[in-house]
Amino acid sequence: MKSRINSTPLGLIIGILVPILSILLVFAVRFKAEMSLETFVDSLLVHKIYTKVMALGVYFGNIVFFFLFIKTDLLKAARGVLLATILYSFAIMIFRFGM
């Protein structure tokens, strides 16, 4: 069982999905009563804070799984989470400085 969980592709998938889910969780908990998801995304774009929200979702979401995988000795899965974090970081830099 541990060998199936301890894989870089699974860590990469987790590292890609967790930031998206954490941003959606924040929306559902904090902003669901006030606005729709479409309005939430539009307000992020209008106020030009989408890269900041994206960065918070990536770093705080993935750090939990990264250290959880390190603590449980699932180093290949931690490597996948770290790879996803690096890929997100490049995307954030492109959005922040390239647009």
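An account of the accompanying structure is given in this report. (Residues numbered from 1 in each chain as written. Predicted model: local features only at pLDDT ≥ 70, side-chain atom pairs only at ≥ 80, totals over all residues. Heavy atoms only, no water.)

### Points about helix α5 (residues 75–98)
The test is simple: By definition, any uninterrupted DSSP run of H or I lasting at least four residues is a helix, any uninterrupted run of E lasting at least two residues is a strand, and each is numbered from the N terminus. One fewer than the residue count of a helix, multiplied by 1.5 Å, yields its expected span. Exposure classes here rest on a 1.4 Å probe applied to the protein chains alone. A residue is buried below 20% of its type maximum, exposed above 50%, and partly exposed in between.
An ideal rise of 1.5 Å per residue puts 34 Å on 24 residues; α5 measures up with 33 Å between its terminal C-alpha atoms. Those residues of α5 that sit buried are A77, A78, G80, V81, A84, T85, Y88, S89 and I92.

### Details of the side chain of N62
We apply this condition: Residue contacts are defined here by distance: any two heavy atoms, one from each residue, within 4.5 Å place the two residues in contact.
If you trace the backbone, N62 turns up in helix α4 (residues 50–71). Not counting residues within four places of it along the chain, the set of residues in contact with N62 comprises I14, G15, V18, P19, G57, V81 and T85.

### Observations regarding the packing of helix α2 (residues 8–31) against α4
Applied cut-off: Between N-to-C directions, angles cover 0 to 180 degrees, with each direction set by a line fitted to C-alpha atoms, over the stretch in contact for helices. Oblique is the label for any angle not under 35 degrees, not over 145, and not in the 65 to 115 range, which are roughly parallel, roughly antiparallel and roughly perpendicular in turn. Handedness of a crossing follows from how the near helix is turned relative to the far one, being left-handed for an anticlockwise turn of less than a right angle and right-handed for a clockwise one. Throughout this entry, Asp, Glu, Lys and Arg are counted as charged residues, while Ala, Val, Leu, Ile, Met, Phe, Trp, Tyr, Cys and Pro are counted as nonpolar. The remaining residues, Gly among them, count as polar.
At a closest axis distance of 8 Å, the pairing of α2 and α4 adopts a crossing angle of 130°. Viewed along their axes, α2 and α4 adopt a mutual orientation that is oblique. The way α2 lies across α4 gives a crossing that is right-handed. Together, I14, G15, V18, P19, S22 and I23 of α2 and V53, M54, G57, V58, G61, N62, F65 and F69 of α4 make up the contact between the two elements. Looking at the contact of α2 with α4 residue by residue, the class counts come to nine nonpolar, five polar and no charged.

From the geometry alone we can't say anything about function, so treat these as descriptive.
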